[in-house]
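Structural characterization, general
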Amino acid sequence: QVQLVESGGGLVQAGGSLRLSCAASGRTSSAYAMGWFRQAPGKEREFVGGINWSGGSTFYEHSMRGRFAITRDNAKNTVYLQMNSLKPEDTAVYYCAARYGRTWSTSRTDYDYWGQGTQVTVSS
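Let us look at the structure shown here. (Residues numbered from 1 in each chain as written. Predicted model: local features only at pLDDT ≥ 70, side-chain atom pairs only at ≥ 80, totals over all residues. Heavy atoms only, no water.)

This brings us to the pairing of strand β7 (residues 68–73). Here β7 shows a clear split, with F68, I70 and R72 buried on one side and none of A69, T71 and D73 buried on the other. Hairpin remark: β7 followed by strand β8 (residues 78–83), antiparallel, with 4 residues in the connecting loop; positive phi at N77, about 55°. (Buried < 20%, exposed > 50% of the residue type's maximum accessible area, 1.4 Å probe, protein only. Helix = DSSP H or I, 4+ residues; strand = E, 2+ residues; numbered from the N terminus. Pairing = 2+ DSSP bridges.)

What follows is the structure, given as structure tokens:
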């Protein structure tokens, strides 16, 4: 079992930045890739980006490229989502997810563990 806890959400003005953290505990000795997803009210949960086990490979949904960056510190069992140039349409609950294996996936059904989510609100 892996437990994930997100933090760092909040209210920010358009154009601002936030950094979300996702701390993992439990069976963290196994190799696992991480993904970030988000869900806005009334919408499906969507893929934001992913990072492989080593941190050497990342992938982002198109609208996040160039604005968001995912990194990880395996020594601290923590993954980060740096969000810059935020827009009101980025408002959502952001979730981190873990999947056993070395490579991320864009499909939420491929992930084995989920955090509880953290709210990000971007005001115009």
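Another point: unusual backbone geometry. The backbone phi angle of N77 is positive, close to 55°, even though this residue is not glycine. On the secondary structure map, N77 appears in the loop between β7 and β8. Judged by relative accessible area, which is 23%, N77 ranks as partly exposed. For S85, which is not glycine, the phi dihedral falls at a positive 50°. Taking the relative accessible area as the measure of exposure, S85 reaches 42% and is therefore partly exposed.

Chemically, a disulfide is nothing more than a covalent bond linking the sulfur atoms of two cysteines. Under the defined criterion, the tally for this structure stands at 1 disulfide. In this model, C22 is linked to C96 through a disulfide, with the two sulfur atoms separated by 2.0 Å. Between C22 and C96 the sulfur-sulfur dihedral comes to about 60°; the bridge is accordingly right-handed. With C22 in strand β3 (residues 18–26) and C96 in strand β9 (residues 92–100), this pair connects stretches of sequence that are 74 residues apart. The class of C96 is buried, set by a relative accessible area of 1%. (Disulfide = S-S within 2.5 Å.)

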